[in-house]
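Structural features, examined
Listed here are the chains, written in short residue letters.
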Amino acid sequence: MKSIFHKITSFTMALLVLFSTFSFSVAQHYCGDVLVDYSFMGHAESCDMEVQETAELPECNLVKADCCSDEVLTVDGQNDLKVSFEKLSFEQQQFVASFIYTYLNLYEGLPENIVPFSDYPPPLLVKDIQILDQIFLI
């Protein structure tokens, strides 16, 4: 039971370190208020409704606001992990030492195996019940 608990704990801590250092980004393309496309890797596809090029003549130019917008959400992971024990402060070293000491002494076994019914003898068999009921193990 103790080894299974250690395996589960170590796997959970490995996942915690993985996800705390993991960084990703999501690119989103909106047309107005409607989400048209999103992408986890690369750029999101546009909806081809961007404002067209302006005309060559200045009197033909119309000013129109662009309805499309691109958004990039980025989640940066943690890059600085303390790997060595020497870089910890004295209070942190004291905490780690006391935590390990209490964790190792948490699972102490009993000094002897206590059997509560060892002083009571089993009941005497008057008749062989298996023969009477004709129950035989094959």
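Residues numbered from 1 in each chain as written. Predicted model: local features only at pLDDT ≥ 70, side-chain atom pairs only at ≥ 80, totals over all residues. Heavy atoms only, no water.

Inspection of the secondary structure assignment puts Gln28 in strand β1 (residues 24–31). At a separation of 3.1 Å, a polar atom in the side chain of Gln28 contacts the side chain of Tyr30. Contact partners of Gln28, with chain neighbours within four places excluded, come to Leu35, Asp37, Tyr38, Ala44, Ser69, Asp70, Glu71 and Leu73. (Helix = DSSP H or I, 4+ residues; strand = E, 2+ residues; numbered from the N terminus. Polar contact = N/O pair within 3.5 Å; in protein donor to acceptor, adjacent residues only side chain to side chain. Contact = heavy atoms within 4.5 Å.)

A low pLDDT means the predicted coordinates there should not be read in detail. Here the chain averages 79 in pLDDT, while 82% of its residues score no lower than 70. Confidence scores differ between elements of the chain, with helix α3 (residues 129–133) showing the lowest mean pLDDT of 83 and helix α2 (residues 90–104) the highest of 89. (pLDDT = per-residue confidence, 0-100.)

Phi at Gln134 is positive, roughly 55°, even though this residue is not glycine. Turning to its location among the elements, Gln134 is positioned in the segment after α3.

Once that is clear, we can look at the pairing of β1. Most of β1 is tucked away, with 6 of its 8 residues classed as buried. Where β1 and strand β3 (residues 68–75) come together, 8 bridges link them in antiparallel fashion. The residue bridging Val26 from the neighbouring strand is Leu73, located in β3. Pairing of β1 with strand β2 (residues 34–39) involves 5 bridges; the strand directions are antiparallel. (Buried < 20%, exposed > 50% of the residue type's maximum accessible area, 1.4 Å probe, protein only. Pairing = 2+ DSSP bridges.)

Bringing the packing of aromatic side chains into the picture now. A full pass over the atoms with the stated rule returns 4 aromatic pairs. Considering the side-chain rings of Phe99 and Tyr103, the 6.3 Å spacing of their centres and the 15° angle between planes classify their relative orientation as stacked. A residue pair is termed a helical-turn pair when its members lie 3 or 4 positions apart in one helix, as Phe99 and Tyr103 do in helix α2 at 4 residues. Members of the aromatic cluster, connected to one another through ring pairs, are Phe95, Phe99 and Tyr103. (Phe/Tyr/Trp six-rings, centres within 6.5 Å; stacked < 30°, edge-to-face > 60°.)

Moving on: the UniProt feature "signal peptide" (unreviewed entry) in the chain. The UniProt entry lists residues 1–29 under the feature "signal peptide" (unreviewed entry), expressed in the numbering used here. Taken end to end, residues 1–29 is 69% helix and 21% strand, and its first and last C-alpha atoms sit 51 Å apart. (UniProt positions renumbered as here; feature names shortened; annotations may be inferred.)

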